[in-house]
Amino acid sequence: MTDINTDGMVVTENMDLSGSDTPFDLSTYLSQKKELVEAALDAAITVTYPEKIYESMRYSLMAGGKRLRPTLCLATCELLGGTVEMAMPTACALEMIHTMSLIHDDLPAMDNDDYRRGKLTNHKVYGDDIAILAGDGLLSYAFEFVATQTQGVPPERVLQVIGRLGRAVGATGLVGGQVVDIASEGLSNVSEETLTFIHTHKTGALLEACVVCGAILAGANETDLERLSRYAKNIGLAFQIVDDILDITAPSEQLGKTAGKDLEAQKATYPSLWGLEKSRAKAEQLVEEAKAELAAFGYGGKALAAIADFITYRSH
């Protein structure tokens, strides 16, 4: 049973993963994790010479957002017996990488957007040149941060995390998905297979890395890694389907970015391929499949299951 408040936030999730009816307050959980992540990010980057680049990096990094990706990393690490402290550098790195992708995605040569998270996009404040460099700075610092700040984790696990992050953000992941997305703009014959490739790489690869990296840090075995990878792939695709729906149905003020951009750019989306109702049904199906992968973890998987539900019910 999932309870939704007026903002579309999942408030409680009565989990049946191990027969327990104990309510899980996701709203409080997300708020607590967000507060920890915000403090860690704020401390991670200080302004020094040349001030402009650090100010630009911080402008987008500290612009708010749900902090869902770092929270997934922290939640998975804790699920498998790890700690927030072990996972926080990787969680911060994931948010740095995500922020880089938003800065670059908003540039005139890409999606050309003026607003992100309710604020002017980075290039509108600092110019295209500094925005590009701010993204580059965040991307490179993310790997440095994992390598130098991770404590209490065997070095081989840290190396695995760095490898996973590189794969998720490169041509095998986010970059590859973005390239196919650009190439598909304006085409009327984009197949479901191509659209799924775009979103499992452009959006899904980093979300999967959030979960898998948290598991690696905690020392997950191969079976658990495979379960959690399948969970993450399903919520990653569901996340993008819901994004496509919200681009059509939600106003800009609610989204914190310009609504209707996909339609304007003639991008292939799931609603354009399937329609809104089938898209919603597919997202819900993916979330149910994701939660099924958590059954082996019992009630301990409550946070990840509630986050999966939140993805389909969110309003922005």
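So, how was this worked out
Residues numbered from 1 in each chain as written. Predicted model: local features only at pLDDT ≥ 70, side-chain atom pairs only at ≥ 80, totals over all residues. Heavy atoms only, no water. Phe/Tyr/Trp six-rings, centres within 6.5 Å; stacked < 30°, edge-to-face > 60°. Helix = DSSP H or I, 4+ residues; strand = E, 2+ residues; numbered from the N terminus. Lys NZ or Arg CZ within 6 Å of the ring centre and 35° of its normal. Contact = heavy atoms within 4.5 Å. Core = buried A, V, L, I, M, F, W, Y, C linked by side-chain atoms within 4.5 Å. Buried < 20%, exposed > 50% of the residue type's maximum accessible area, 1.4 Å probe, protein only. Expected span 1.5 Å × (residues − 1). Polar contact = N/O pair within 3.5 Å; in protein donor to acceptor, adjacent residues only side chain to side chain. Patch = residues over 30% accessible without salt bridge, like charges linked within 9 Å, V, L, I, M, F, W, Y side chains within 5 Å. Areas by Shrake-Rupley, 256 points an atom, 1.4 Å probe, with all protein chains shown as cover. Salt bridge = Lys/Arg side-chain N within 4 Å of Asp/Glu carboxyl O. pLDDT = per-residue confidence, 0-100.

Trainee: Explain the packing of aromatic side chains to me, using residue names and the numbers behind them.
Mentor: What the rule picks out here adds up to 4 aromatic pairs. For the pair tyrosine 270 and tryptophan 274, a centre-to-centre distance of 4.8 Å together with 45° between the ring planes defines the contact as tilted. Of the two residues, tyrosine 270 and tryptophan 274 are both situated in helix H14 (residues 270-274); the distance of 4 residues between them amounts to about one turn of the helix. In this arrangement the basic side chain of arginine 69 is found over the ring face of phenylalanine 239, its NZ or CZ atom lying 5.3 Å from the centre. The aromatic ring of tyrosine 59 is capped on one face by lysine 119, whose charged end is 4.3 Å from the ring centroid.

Trainee: I'd love a proper account of the environment of asparagine 122, names of residues and values included.
Mentor: With respect to the secondary-structure elements, asparagine 122 resides in helix H5 (residues 122-126). Separated by 66 residues in sequence, asparagine 122 and serine 56 place their C-alpha atoms 6.9 Å apart. When neighbours within four sequence positions are excluded, asparagine 122 is seen to be in contact with Ser56, Tyr59, Ser60, Ile103, Gly127, Ala131 and Ala134.

Trainee: Provide a residue-level description of the nonpolar core, including the pertinent values.
Mentor: Counting residues in each nonpolar core, the largest one holds 90 residues, and the members touching the most others are Leu72 and Tyr231. Once you skip the residues sitting within four places of it in the chain, tyrosine 231 turns out to touch Leu72, Val211, Ala290, Glu293, Leu294, Leu304, Ile307 and Ala308.

Trainee: So what's going on with helix H11 (residues 222-249)? Which residues, and what values?
Mentor: Helix length check: H11, at 28 residues, gives a terminal C-alpha distance of 40 Å against a target of 40 Å (1.5 Å per residue), a fit within 8%. Sitting at the head of H11, asparagine 221 places a side-chain oxygen 3.1 Å from the backbone nitrogen of threonine 223.

Trainee: Quick one: what's the story with a nonpolar patch on the surface, residue by residue and with numbers?
Mentor: On the surface, a nonpolar cluster with roughly 250 Å² of combined accessible area is contributed by Tyr115, Leu120 and Val125. Note on placement: leucine 120 falls in strand E4 (residues 119-120).

Trainee: Got a sec to walk through the confidence of the model for the protein chain? Specific residues and values, please.
Mentor: Mean pLDDT over the protein chain works out to 90, with 87% of the residues at or above the 70 mark. Note on residues 1-16: pLDDT is under 50 here. Beyond four places in sequence and across chains, it has 51 contacts.

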